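Listed below, chain by chain, are the residues.
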Amino acid sequence: MIKYLLSRLATFVPTFLGVCIISFGFIRVLPGDPIIVMAGERGMTQERYETLSRQFGFDRPLPVQFWEYFTGVLQGDLGRSFVTNRPVWDEFFSLFPATLELALCAIIFAIALGLPAGIIAAVYRGKFFDRALMSTALVGYSMPIFWWALLLIIVFSGNLGWTPVSGRMGLMYFFDDVTGFMLIDSLLSGQSGAFKSAVQHLILPSIVLGTIPLAVIARQTRSAMLEVLSEDYIRTARAKGLSPGRVNGLHALRNAMIPVITVIGLSVGTLLAGAILTETIFSWPGIGKWMVDSIFRRDYPVVQGGLLMIAVIVMIVNLIVDVLYGLINPKIRKR
Amino acid sequence: MKFVHHLAVSGLALTLAAGAAGAQTLVYCSEGSPEGFDPALYTSGTTFDASSHTVYNQLAEFETGTTNVVPGLAESWEVSEDGTSFTFTLRPDVQFHSNDMFTPTRPMNADDVIFSFERQMDEENPYFSYAGSWEYFNSMSMPDLIESIEKVDDMTVRFNLTRPEAPFIANLAMDFASIMSKEYADAMEEAGTPEMLNQQPIGTGPFAFQDYQTDAVIRYTANEEYWEEDTPKVDNLVFAITPDASVRYQRLQAGECHVMPYPNPADIQAMMDSDDVEMLQQEGLNVGYLAYNTQMEPFDNPQVRKALNMAIDKDAIIEVIFQGYGEAAKNPIPPTMWSYNDAVEDDAYDPEAARQMLEEAGVEDLSMKVWAMPVQRPYNPNARRMAELIQEDFSEIGVDVEIVSYEWGEYLERSSAEDRDGAVLLGWTGDNGDPDNFLAVLLGCDGVGGANRAQWCHEPFEEIIQEAKTLPTQEERAELYEEAQVIFKEQAPWATIAHSVVFMPVRPEVEGYVVHPLGGHLFDDVSLASE
């Protein structure tokens, strides 16, 4: 297992280097000079342009700029935002808990509904329940997020008044960040009603963000289960007279889990990268919205630092998924 | 963990208005996050709303709802006869806010005023490069204009200019001229945390900054020692950052906020019909235009430019692009601005006459480029579509149009070039309500190769706008600007297209909100009717 883990870790190094180069290069190949965009309709004098260019370090050759960035990264320094002048590292970690909290709630929602739905659909293959579930999943998968979110807001917040429209916390509650996770901080604050408000604010965005992973997980679970259920050893298990619950739950599910975990891992990676649409619609202060704002403002350090952080997190999630494979399937860790 | 503040209210919705203790909290669903809280570092209105319009004051200020300049932190000012020296008498006993790190020991005085400007122009000042660059200060040419600032006494400051400049007072009412506390700046420098000036602002304004949760909520409390009596009217002000316009509308309806900016054009009719919303509106201080390159044939001939202007069906553009909520422009300045010349007559839409004029000018088989901006602006919400409408209009008089577009930075740069090919769609939103800010910046000879996209340098026009800068009174200046607008219309360097209308949906219980023509959102005089 340790050898397996080390071999997985070894792939980290070239990937990390590649990500550094891509994150640095990405924003620089976009057309449009950040200084000219900043000046807007008014424009600026050549002299002023040169001053700013020097100030931001754009006057030096690209390899020099990259080397500075790269050596900074190795020392844990992602630079400072051109706009706010705050360290990118600080900005990232002040916003990341919001993204993480939402992503976890969304994935829990998706697994809690998607996994059972997929299993049931596989067990009752071809029956009404299977067809209904899979058509719903298809609808969920193809639903435009923007439309879906607004629909839920209009019905549940606007018409029924059950949930708040957007934000992370009722405006009447005001406490300092301790962990950055509203569910925890609201409890720590000791303010009555704050936790309930945090939960209420999480419901709609979690549903919206979890919808696509839910559909994917349900479909993946179903097809993996179907494949396993047709295996010889399942027939043997049934022939032995094991109860259907034991056959499906123990023998089939465990073997069907590999592709399902892959899909869940990929979904978590995507969700952690910041759900740009969901965060924007629900005024959710996470890293997705932060990255988009920074791209429009051509805030180079934030875009490259943010991309790098997201990539590293996705790499870590993938590593965890790999370890999970090993735990579930001994054949993999021996490979 | 620190319990800071708890408004005793219950439920999600309107209960925000009046708490158990009777404290009134006004919630504004703002459209984006501020870049910081030192307004001089930035140029966006979103940042100004959160800083200069709430936390700070300026020496002179814009009267809410107009572009008139009125006394702010300066009680009065005098201009020397040659127009190059401005002496300000400061308002006595104005207190700065305090926070956890700082409590002021003295009222605002001349040192604060001098610090506020010196940090933007003096490289030796410790705050000169503490967080970024002073974009607005530079783009308003202040470094060339201000020769020196002297402290006459504790409560008197004199600005010496390198040349007479009548719009200077209006410049000092702008956001970058907000007055900061020197005492606070010194304390933060000593503590090794100068960035606090941009993160935990201390000002003299109607609202004191309390807390900012990045990208989520900004909180302010009323400044109880505010120098203007009975202001502000509410006890707390909250900015609930809500980037999506449809969601802002939902929040307004649900009572999660009281005021929202920038509604979706598609929602405007529904808002007007809704009982939960009161719709305020005003013409924006902007203009959208099509600038010919007056240095290139055949557009160097005013006759040709006028002919093309007559071929554009502006009413159709207002209907299609602005969904009816805009005003056809005839002058290069908007109607809410002083000196607007209403007597100027617009070139009538008349394709037949236009075709004839082109023939008379000897122009046949003209083909040209029309540039369409890639971004949305209040003065032009859909440039691509606008260019298509113009293409259609021009084809009716036999002019063939090719529409081109570039990425925004590229567009701005290329459209400035003197040898640029074709006519450019662009526009402008006023900075300080002074006509000079439109006419000199966009049409003056200095702007050729820069903000003057028509590359138009017309001697009679230039003389007038230069002279107007040197005159002391608004009446005298207005006369000249009115004349300048007549020349502009005759020479037609642009097709003036539209001024947009700004809509502000507010809840019915909101009292005293006035739409500000300069685009800022101000809450000093806003109160909430108790139910």
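Each remark here, short or long, concerns the structure printed above.
Model, not experiment: these values are computed from the prediction.

Cut-off values and rules
Residues numbered from 1 in each chain as written. Chains lettered and ligands numbered in written order. Predicted model: local features only at pLDDT ≥ 70, side-chain atom pairs only at ≥ 80, totals over all residues. Heavy atoms only, no water. Pairing = 2+ DSSP bridges. Helix = DSSP H or I, 4+ residues; strand = E, 2+ residues; numbered from the N terminus. Right-handed = clockwise from strand over helix to strand, strands pointing away. Axes fitted to C-alpha atoms, helices over the stretch in contact; angles between N-to-C directions. Left-handed = near helix turned anticlockwise from the far one by under 90°. Contact = heavy atoms within 4.5 Å. Nonpolar A, V, L, I, M, F, W, Y, C, P; charged D, E, K, R; others polar. Buried area = accessible area lost by both parts, 1.4 Å probe. Salt bridge = Lys/Arg side-chain N within 4 Å of Asp/Glu carboxyl O. Polar contact = N/O pair within 3.5 Å; in protein donor to acceptor, adjacent residues only side chain to side chain.

**Describing the pairing of strand 15 (residues 400-404) of chain B**
All names here are of chain B.
Item 1. Looking at chain direction, strand 14 (residues 367-371) and strand 15 are connected through five bridges and run parallel. Opposite Ser 367, over in strand 15, you have Asp 400 as the bridge partner.
Item 2. Between strand 14 and its parallel partner strand 15, the chain crosses via helix 13 (residues 383-396), and the hand of that crossover is right-handed.

**Observations regarding the packing of helix 8 (residues 145-159) of chain A against helix 10 (residues 194-229) of chain A**
All names here are of chain A.
Item 1. At a closest axis distance of 10 Å, the pairing of helix 8 and helix 10 adopts a crossing angle of 150°. Between helix 8 and helix 10 lies a crossing of right-handed hand. Only Leu 204, Ile 207, Val 208, Thr 211 and Ile 212 of helix 10 make contact with helix 8, whose side of the interface consists of Ile 145, Trp 148, Ala 149, Leu 152, Ile 153, Phe 156 and Ser 157.
Item 2. The residue makeup of the contact of helix 8 with helix 10, split by class, is ten nonpolar, two polar and no charged.

**Quick word on the sheet that holds strand 8 (residues 207-213) of chain B**
Residues and elements named next belong to chain B.
Item 1. The strand order across the open sheet formed by four strands is 1-10-9-8, and the pairing between neighbours is mixed. Two strands bound the open sheet, and with one partner strand each, they are strand 1 (25-28) and strand 8. If you compare each strand with its neighbour and ignore which way they point, the axes differ by 20° on average.
Item 2. Examined bridge by bridge, strand 8 and strand 9 (residues 217-222) share six bridges and lie antiparallel to one another. Looking at the pairing, Ala 208 lines up with Thr 221 of strand 9.

**Points about the sheet that holds strand 5 (residues 85-90) of chain B**
Backbone hydrogen bonds are what pair the strands of a sheet, in a parallel or an antiparallel way.
Residues and elements named next belong to chain B.
Item 1. Spatial ordering of the open sheet is given by 4-5-7-6, a layout of four strands whose pairing is antiparallel. Two strands close off the open sheet at either side, each with one partner strand: strand 4 (74-79) and strand 6 (146-153). Ignoring strand direction, the axes of neighbouring strands in this sheet form an average angle of 20°.
Item 2. Pairing geometry for strand 6 and strand 7 (residues 156-161), over six bridges, is antiparallel. The partner of Ile 149 across the bridge, within strand 7, is Phe 159.
Item 3. The strands touched by helix 2 (residues 110-121) within the sheet are strand 5, strand 6 and strand 7, with strand 6 carrying the most contacts at an inclination of about 165°.

**Some points on the interface of chain A and chain B**
Item 1. Tallying the contact residues gives 49 residues for chain A and 63 residues for chain B.
Item 2. The contact between chain A and chain B buries some 4700 Å² in all, and 57% of this surface belongs to carbon and sulfur atoms.
Item 3. The partner of Arg298(A) in a salt bridge is Glu407(B), with the nearest N and O atoms 2.8 Å apart.
Item 4. Between chain A and chain B we count eight residue pairs in polar contact (both at pLDDT 80 or more) in total.
Item 5. Of all the elements in the fold, those that place two or more residues in the side of chain A that touches chain B are helix 3 (34-39), helix 4 (46-56), helix 6 (88-123), helix 8, helix 9 (182-189), helix 13 (276-281) and helix 14 (287-296) of chain A.
Item 6. Its residues placed into classes, the side of chain A that touches chain B shows 24 nonpolar, 16 polar and nine charged.

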